[in-house]
Amino acid sequence: MFSEAQFNLFILTWVALAIVVFVILMFINAPYGRHLRDGWGINIPARLGWIAMESPTIIVMTLYVYYYYFVLGRSELVGALFYLIWITHYFHRTFVWPFRAQISKKVMPISIALFAFFFNTINTSINAESIFKVHAPYPAHWITSPQFICGAFLFIVGMYINISSDNILIKMRKQSPDDYVIPKSGLYSWVSSPNYLGEILEWIGWAIATWSLAGFSFAFWVIANLVPRARSNHHWYLEKFEEYPKNRKKLIPGVW
Ligand SMILES: NC(=O)c1ccc[n+]([C@@H]2O[C@H](COP(=O)([O-])OP(=O)(O)OC[C@H]3O[C@@H](n4cnc5c(N)ncnc54)[C@H](OP(=O)(O)O)[C@@H]3O)[C@@H](O)[C@H]2O)c1
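Residues numbered from 1 in each chain as written. Predicted model: local features only at pLDDT ≥ 70, side-chain atom pairs only at ≥ 80, totals over all residues. Heavy atoms only, no water.

This part covers the overall build of the protein chain. In terms of helices and strands, the protein chain carries seven helices and two strands. Tracing the protein chain from N to C terminus, the helices and strands come up as α-β-α-α-β-α-α-α-α. Over its C-alpha atoms the protein chain spans a radius of gyration of 19 Å, differing by no more than 12% from the 18 Å that the globule rule assigns to 256 residues. The principal-axis extent of the C-alpha atoms belonging to the protein chain is close to 60 × 40 × 30 Å. (Helix = DSSP H or I, 4+ residues; strand = E, 2+ residues; numbered from the N terminus. Rg over C-alpha atoms; globule rule 2.2 N^0.38 Å.)

The contact between helix 5 (residues 146-175) and helix 6 (residues 194-210) brings their axes to 7 Å, and the two run at 160°. For the element pair helix 5 / helix 6, the angle class is roughly antiparallel. Every pair of crossing elements has a handedness; the one defined by helix 5 and helix 6 is left-handed. Here the contact of helix 5 with helix 6 is built from residues that sort into 14 nonpolar, eight polar and three charged. (Axes fitted to C-alpha atoms, helices over the stretch in contact; angles between N-to-C directions. Parallel < 35°, antiparallel > 145°, perpendicular 65-115°, else oblique. Left-handed = near helix turned anticlockwise from the far one by under 90°. Nonpolar A, V, L, I, M, F, W, Y, C, P; charged D, E, K, R; others polar.)

Let's shift gears to the environment of Arg173. Structurally, Arg173 is set in helix 5. Considered as a pair, Arg173 and Gln102 are 71 residues apart in the sequence and their alpha carbons are 6.5 Å apart. Among residues more than four places away in sequence, those in contact with Arg173 are Gln102, Lys106, Asp179 and Tyr180. Within the structure, Arg173 has its side chain in polar contact with the backbone oxygen of Asp179 (distance 2.8 Å). (Contact = heavy atoms within 4.5 Å. Polar contact = N/O pair within 3.5 Å; in protein donor to acceptor, adjacent residues only side chain to side chain.)

Attention shifts here to the layout of surface pockets. The space that makes up the second largest pocket amounts to roughly 210 Å³. Taken together, Arg47, Gln102, Ile103, Ser104, Lys105, Lys106, Arg173, Lys174, Pro177 and Asp178 make up the full set of residues lining the second largest pocket. Here the lining of the second largest pocket is composed, by residue class, of two nonpolar, two polar and six charged. (1 Å grid on protein atoms, 1.4 Å probe; cavity = no way out; pocket = protein on both sides within 12 Å on 5 of 7 lines; lining within 4 Å. Points joined across faces, edges and corners; volume = space filled by probe spheres on them.)

Moving on to the environment of Gly186. Among the secondary structure elements, Gly186 is positioned in the loop between helix 5 and helix 6. Between the C-alpha atom of Gly186 and that of Asn29, which follows or precedes it by 157 residues, the distance is 26 Å.

What surrounds the ligand is a group of 22 residues, the closest being Tyr32, Lys106, Asp166, Tyr180 and Tyr196. Asn162 places a polar side-chain atom, nitrogen or oxygen, 2.9 Å from an oxygen atom of the ligand. Between the ligand and Val181, the relevant distance is 2.7 Å, taken from a nitrogen atom to a main-chain nitrogen or oxygen of the residue. For the ligand, whose accessible area on its own is 880 Å², the fraction buried by protein is 93%. Contributing elements (two or more residues each) for the shell around the ligand: helix 3 (77-100), helix 5, helix 6 and helix 7 (213-240). When residues in the shell around the ligand are grouped by element, the largest group, five residues, is from helix 5. Residues that form the shell around the ligand fall into these classes: eleven nonpolar, four polar and seven charged. (Near = heavy atom within 4 Å. Areas by Shrake-Rupley, 256 points an atom, 1.4 Å probe, with all protein chains shown as cover.)

General note: in soluble globular proteins, nonpolar side chains tend to be found buried as a group. By size, the foremost hydrophobic cluster in this structure holds 60 residues, and its most contacted members are Phe82, Trp86, Met108, Phe132, Trp203, Trp206 and Phe218. Counting only elements with at least two residues in this core, the list comes to helix 1 (4-27), helix 2 (46-71), helix 3, helix 4 (110-134), helix 5, helix 6 and helix 7. Of all the elements, helix 2 adds the most residues to this core, at ten residues. (Core = buried A, V, L, I, M, F, W, Y, C linked by side-chain atoms within 4.5 Å. Buried < 20%, exposed > 50% of the residue type's maximum accessible area, 1.4 Å probe, protein only.)

So, about the pattern of salt bridges. Under the counting rule described, the total for this entry stands at three salt bridges. In this structure, the salt-bridge partner of Arg74 is Glu76, at a minimum N-O distance of 3.0 Å. Across the salt bridge formed by Glu199 and Arg93, the nearest N and O atoms sit 3.0 Å from each other. On the criterion of sequence distance, the pair formed by Glu199 in helix 6 and Arg93 in helix 3 is long-range, its members being 106 residues apart. (Salt bridge = Lys/Arg side-chain N within 4 Å of Asp/Glu carboxyl O.)

This is the structure we're talking about:
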C-alpha cells in the first residue's frame, strides 16, 4: 500500500485541483438549479441525480467502517463518532433533502452528477482513510480536546444554519412552485446564500474536529465550490429583482 507521505502528497494534489476548480467556477457557473442551461450533456431527473451523486459518501464511508470495525475487529470510540457525524450530514443530504426539496419536476445535466459522484468518491475515501487508518486510533480523550469540542460545535451550528436556511427555500417553493421569490426570513435578511454559509461552517468544523489534512482539504473544496456559486447567486438575484435588498451580502453577514 502507500505511505503516509504519499497519502499526504495525494491530498495536496487534490487541493491543487480544488484551486483550479475554484478559478473555473469564478467564470463558469455549474449548470444546475437556477443556473441550468443546455450544452452539458443529457439531463436526468434532479432527484435521481442528487441521490446517485451523493450516495458514495454513505457507501464508501460505511464500507470502511465495516472493514475496520467488523473485519479487523477495531473498537475505538472516536472513529465511530466521526462516522456518526459524517452520516448524519450525508443521510440528510442523500435521502432526506432530495425528497423535501421541490425538485420532482427539475432536471440536472448528467455531467454535473458524474463530476459530483467522482468528487464524493475520492473525497470520502480520503477522509475515511484518514480517520480509520492514518490517524487511527484517535485516543479516547480526543473527544475532550479543544479541537474536537470546537469543531463538533461548529459542525452542529453549521448544520443548523444549512438545514434551517434550506427549509425557508422549501417553504417558499411550496407557496410559489414555478417562480423564484426573494427570501426574507432567517439569515436571508443578511446574506443571499446562508445555506452555503452553513455548509461551509460544517466542513470547517469537521476539519477542526478531525485535525487532519484530509479534513482541511474537504473544507477547502467546499469553499472552492460554494464561494463562486454564492457570488453567482447574489448577482443573479440583483439582476432578476430590481427591489432586491442592496445591503444584503453574498455569504458572510456584514462582510461579503
Ligand atoms: N458540499 C458542497 O460542496 C455542496 C455543493 C452544492 C450544494 N450543496 C448543498 O446542497 C443544498 C442545495 O444546494 P443548491 O445549490 O441546489 O441550493 P439553492 O440554489 O439554494 O437551491 C435549493 C433549492 O431551493 C430552491 N430555491 C433556491 N432559491 C429560491 C428562491 N429564491 N425562490 C424559490 N426557490 C428557491 C431551488 O430551486 P431550483 O432548483 O429551481 O433553483 C432548490 O430547489 C444546499 O444545502 C447546499 O449547501 C453542497
